[in-house]
Amino acid sequence: MHSFQATQFSAVEPGRRLLVTGAVHGNEVCGTQAIRRLIAEFERDERRLLRGCVTFVPICNPLAYQKQQRNGDRNLNRRLRPTNEPKEFEDHVANWLCPLMARHEILLDLHSFQANGKPFVMVGPENNDGPLQPVRQADEEVAWAKVLGVQRGVDGWLDTYAGGVAQRRARFAGREVGSSVDLDEQYGVGSTEYMRSTGGMALTLECGQHQDAKAPEVAYQAIVNTLTHFGLIDGAVPAVHSMAGLRLHHVEDKQHVDDDFVKPWVSFDRVAEGELIGHRASGEAVHAPVAGCIVFPNSKAQAGQEWFYLARDIERFR
């Protein structure tokens, strides 16, 4: 059985409790590299904590990391919750990670993505009392997102997931499905969603394409900016950047492994209403239902998994 590692630095003075995580997906290692760089700087006394505490988890999913794959047994960041009956390796991860998150106030989760594209930050919903993800600290979360150093913010994640599961359930109603097809009502609850459910704040930073040599530096600077923003370390207050904004509203699954795009889409490519995006293996054309942007196009997705997302422009992050 793989072991889990967390490294914590605590100051004498009270302050915010920050958790920084990497390799929730085992092939997304820019966060791991950046976290290890920060740990080394603290250990060499090149950085000192002024107040509060910071906990670094360089590898959240050691099985997936060892495999150099997105998942160990399943996608940890689609159904993250503790369980009394762990079956898959990710259940053991959740039983360790969720209590750790509950002991912190703030989570910065570092990721990368498969297709080419520029870094961006995933932000939670606006303040609301709804049943899906009630939130009270949305304004503070947005203010934090604006100092990470990226130029785009995206929200609408959990609403879109819920809609995707509903479509999937309708499509597979009464039929046998494989283990790769997730029909769980809690599908979409990942690290940041779970953190918000504990009353904390959380951001997912997508630092760039998996192999982008700049991605570890994006992750590193975001950690430093976060530590400074919340007053945990000394340093210049990070510059606040107005960000372009998008809100996810639709997810399209692959229905067959041979479903194919008409071109190598990149996240945030613009699409016009009715524009051709791809073809099903059957030959059926897949068009954009409305104008906007394509996000997370994944030509390597398996049947029954997310193929691409669509988003519309918003002014929330200006």
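Residues numbered from 1 in each chain as written. Predicted model: local features only at pLDDT ≥ 70, side-chain atom pairs only at ≥ 80, totals over all residues. Heavy atoms only, no water.

## A short note on the sheet that holds strand β9 (residues 260–261)
- The sheet built from three strands is open, its strands ordered β9-β11-β12 with antiparallel pairing. Taken across any chain shown, the strands that pair with only one partner, and hence form the sheet edges, are β9 and β12 (285–287).
- Judged from the two bridges that link them, β9 and strand β11 (residues 276–279) form a sheet pairing that is antiparallel. Residue Phe261 lies in a different strand from β11, and its bridge partner there is Gly278. (Pairing = 2+ DSSP bridges. Helix = DSSP H or I, 4+ residues; strand = E, 2+ residues; numbered from the N terminus.)

## Quick word on unusual backbone geometry
- At Asp45, a residue that is not glycine, the phi angle is positive and equals roughly 65°.
- Its location among the elements puts Asp45 in the loop between α1 (30–43) and β3 (51–57).
- Its relative accessible area of 42% is what places Asp45 among the partly exposed residues.
- Positive phi values are uncommon outside glycine, yet Gln68 reaches one of about 55°.
- The class for Gln68 is exposed, based on a relative accessible area of 66%. (Buried < 20%, exposed > 50% of the residue type's maximum accessible area, 1.4 Å probe, protein only.)

## Regarding helix α3 (residues 89–102)
- Helix length check: α3, at 14 residues, gives a terminal C-alpha distance of 20 Å against a target of 20 Å (1.5 Å per residue), a fit within 8%.
- When α3 is considered as a whole, its buried residues turn out to be Phe89, Glu90, Asp91, Val93, Ala94, Leu97, Cys98, Leu100 and Met101.
- Looking at the buried residues of α3, the elements they touch are β2 (13–21), β3, α2 (62–67), β4 (106–113) and α6 (191–197). (Expected span 1.5 Å × (residues − 1). Contact = heavy atoms within 4.5 Å.)

## With respect to the packing of aromatic side chains
- Applying the stated criterion across every chain, the model contains 18 aromatic pairs.
- Where Phe42 meets Phe56, the ring centres are 6.1 Å apart and the plane angle is 45°; that geometry is what we call tilted. Linking Phe42 in helix α1 with Phe56 in strand β3, this pair joins segments that are 14 residues apart in sequence. Both residues of the pair, Phe42 and Phe56, count as buried.
- Plain terms: the ring middles of Phe120 and Phe268 are 4.9 Å apart, the flat faces sit at 90° to each other, and that makes the pair edge-to-face. (Phe/Tyr/Trp six-rings, centres within 6.5 Å; stacked < 30°, edge-to-face > 60°.)

## Considering the side chain of Arg316
- Counting through the fold element by element, Arg316 comes out in the segment after β14 (306–314).
- Within the structure, Arg316 has its side chain in polar contact with the backbone oxygen of Gly124 (distance 2.7 Å).
- Here Pro125 takes part through its backbone oxygen, which lies 3.3 Å from a polar atom of the side chain of Arg316.
- Setting aside anything within four residues of it in sequence, one finds Arg316 in contact with Val123, Gly124, Pro125, Glu126, Ala138, Val142, Asp155 and Arg247. (Polar contact = N/O pair within 3.5 Å; in protein donor to acceptor, adjacent residues only side chain to side chain.)

## So, the sheet that holds β2
- Taken in spatial order, the 11 strands of this open sheet run β1-β3-β2-β4-β7-β5-β6-β8-β14-β13-β10, and their pairing is mixed. The strands lining the two open edges of the sheet, one partner per strand, are β1 (7–10) and β10 (270–271).
- Bridge count between β1 and β3: four bridges; the pairing is antiparallel. The residue of β3 that forms the bridge with Phe9 is Val54.
- Where α3 meets the sheet, it contacts β2, β3 and β4, and its direction lies at approximately 165° from that of β3.
- Running at roughly 30° to strand β7 (residues 201–209), helix α4 (residues 138–145) makes contact with β2, β4, β5 (120–122) and β7 of the sheet. (Axes fitted to C-alpha atoms, helices over the stretch in contact; angles between N-to-C directions.)

## Some words on the pairing of β3
- Of all seven residues in β3, six are buried, a share of seventy percent or more.
- Bridge count between β2 and β3: six bridges; the pairing is parallel. Residue Glu13 lies in a different strand from β3, and its bridge partner there is Arg51.
- Traced from β2 through α1 to β3, the parallel crossover comes out right-handed. (Right-handed = clockwise from strand over helix to strand, strands pointing away.)

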